[in-house]
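# A closer look at the structure
Residue-level listing of the chains:
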Amino acid sequence: MSECVNISLDTFDAVADGSNSSSQPNCTVVAVHLGPRQVTTTIHVLTLAASLVGNTLLIAAFLRMKEPILLLIANMAASDLLVAASLIPRLITREVIGSNAFLVQGVGGKFLCKICTFLSDMSLSVSTQGLVLIAAERFLAVVYPVQYKNITVKIRRFLVTSSWIMAGAFHSPYFYTFRLMAVDNGNLQICQSVWGPAFDHKSAHLRYNMFLFLMVLLIPLFITSVLYTAIAFNLRRDKMAMYRSDKGAIRVRKRNSNLRRMTIATTLSSLLCWLLYIVITFMKFFSPGAIPKCNLSFEVVDDISRVLASSYCAVNPWICFFFVRDFTRELGVLCKRKRRHAVNN
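Here the structure is a predicted model, which is why all the values come from computation and not from measurement.

What counts, and at which threshold
- Residues numbered from 1 in each chain as written.
- Predicted model: local features only at pLDDT ≥ 70, side-chain atom pairs only at ≥ 80, totals over all residues.
- Heavy atoms only, no water.
- Helix = DSSP H or I, 4+ residues; strand = E, 2+ residues; numbered from the N terminus.
- Expected span 1.5 Å × (residues − 1).
- Buried < 20%, exposed > 50% of the residue type's maximum accessible area, 1.4 Å probe, protein only.
- Phe/Tyr/Trp six-rings, centres within 6.5 Å; stacked < 30°, edge-to-face > 60°.
- Lys NZ or Arg CZ within 6 Å of the ring centre and 35° of its normal.
- pLDDT = per-residue confidence, 0-100.
- Contact = heavy atoms within 4.5 Å.
- Core = buried A, V, L, I, M, F, W, Y, C linked by side-chain atoms within 4.5 Å.
- Axes fitted to C-alpha atoms, helices over the stretch in contact; angles between N-to-C directions.
- Left-handed = near helix turned anticlockwise from the far one by under 90°.
- Nonpolar A, V, L, I, M, F, W, Y, C, P; charged D, E, K, R; others polar.

### Digging into helix α10 (residues 296-310)
Over its 15 residues, α10 extends 21 Å from the first C-alpha to the last, a length consistent with the 21 Å expected when each residue adds 1.5 Å. Of the positions making up α10, those classed as buried are Phe298, Glu299, Asp302, Asp303, Ser305, Arg306, Val307, Ala309 and Ser310.

Structural data, given as structure tokens:
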């Protein structure tokens, strides 16, 4: 039997035959970590700290600046912050106790099982949609600058609201499917997706996870890569070069060079964090027979893919701080004011 996960990165669900985790080999139920636990725990802790600090600073800088053009970036920061807050602590807990066991029992445990997986996965969907929106906005600014000027604050707010509504709709089945299931002869409970009795678990689970895989990960990352490739190509051609002064030409070259580097950094970080996870998930969906059963090497690679994917929520804010000077400048102002306030007190 092959084992597959939801987009949530932290739940272990059977896709190939739709059976419950209680019937899975013990290697996929309890021994969830196959590498040095201290290393993975440290990575998760650093990811949590970097995401909380980076995304909070990004949102704080936006709230002070109130620049509509940066709304989409701030929205993605908010979604990444929610991913970190709702997902990473559970991953750390899992590493510390060495089990998928859900520690909260009863009605509270059932509620947390549903709401935590819903919030983390919905936020991930908002984040990947945000990547597409930001890439599309940059594409219009570079290739169709006239049309780009027609993007108003109202349109940006509509896009932000729509991304959250769409993400919520994508993951609304979680409130039915996710529940606490007894495993290991009832000695522990795990938070697992089960489609019965209303649906056939095998077919519904497979189709829904394929839908999420395509809509939340594969399609947004593909569109983003295509748009950024088009941006990089068009930055090489400056149709207005002959009409610019020397200072204007230098200024445009610097801006384009910075945008090109940001484009490359954004694309590479997305591929680095998600490519391995996408490849392994693709194998689980379409070639489950090729997945080795309880193979140590494969489980380690699978574990690495999850760690890389979960670390993505900490990447975007630091790319923005490095390349978007407005955010860096505003953070500098904030730091100076705090220092002044501390000295005066």
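### Thoughts on the packing of aromatic side chains
For the coordinates displayed, the defined rule picks out eleven aromatic pairs. Both rings, one in Trp274 and one in Tyr277, keep their centres 5.9 Å apart while their planes meet at 70°; by these two values the pair is edge-to-face. Note that Trp274 and Tyr277 are positioned in helix α9 (residues 246-286) at a spacing of three residues, about one turn of the helix. The buried category is assigned to Trp274, whose relative accessible area is 1%. Three or more aromatic residues link up through ring pairs in this structure, and these residues are Tyr174, Tyr176, Phe178, Trp195, Phe199 and Tyr208. The ring of Tyr176 has Arg179 sitting right over it, with the charged end atom 5.1 Å from the ring centre.

### Considerations on the confidence of the model for the protein
Per-residue pLDDT for the protein has a mean of 79; in total, 78% of the residues score no lower than 70. Segment residues 1-7: pLDDT under 50, and 49 contacts once partners within four positions in sequence are set aside and those in other chains are kept. A low-confidence stretch, residues 10-26 stays under pLDDT 50, and its non-local contacts, those more than four residues away or across chains, total 68 contacts.

### What to know about the nonpolar core
Residues Leu58, Leu70, Ile73, Ile88, Trp274 and Phe327 are the most contacted members of the largest nonpolar core, which totals 65 residues. Looking at this core, the elements that each hand over two or more residues are α2 (37-65), α3 (71-97), α4 (106-143), α6 (153-171), β3 (178-183), α8 (201-235), α9 and α11 (316-323). Residue contacts for Ile73: discarding those within four places in its chain leaves Leu58, Ile134, Arg138, Cys320 and Phe327.

### Observations concerning the packing of α4 against α6
The contact between α4 and α6 brings their axes to 9 Å, and the two run at 145°. Here α4 runs over α6; the crossing is right-handed. When α4 is examined against α6, the residues Phe118, Asp121, Met122, Ser123, Ser125, Val126, Gln129, Leu133 and Glu137 are found in contact with a partner set consisting of Arg156, Leu159, Ser163, Trp164, Met166, Ala167, Gly168, Phe170 and His171. Classifying every residue of the contact of α4 with α6 by side-chain character gives nine nonpolar, six polar and three charged.

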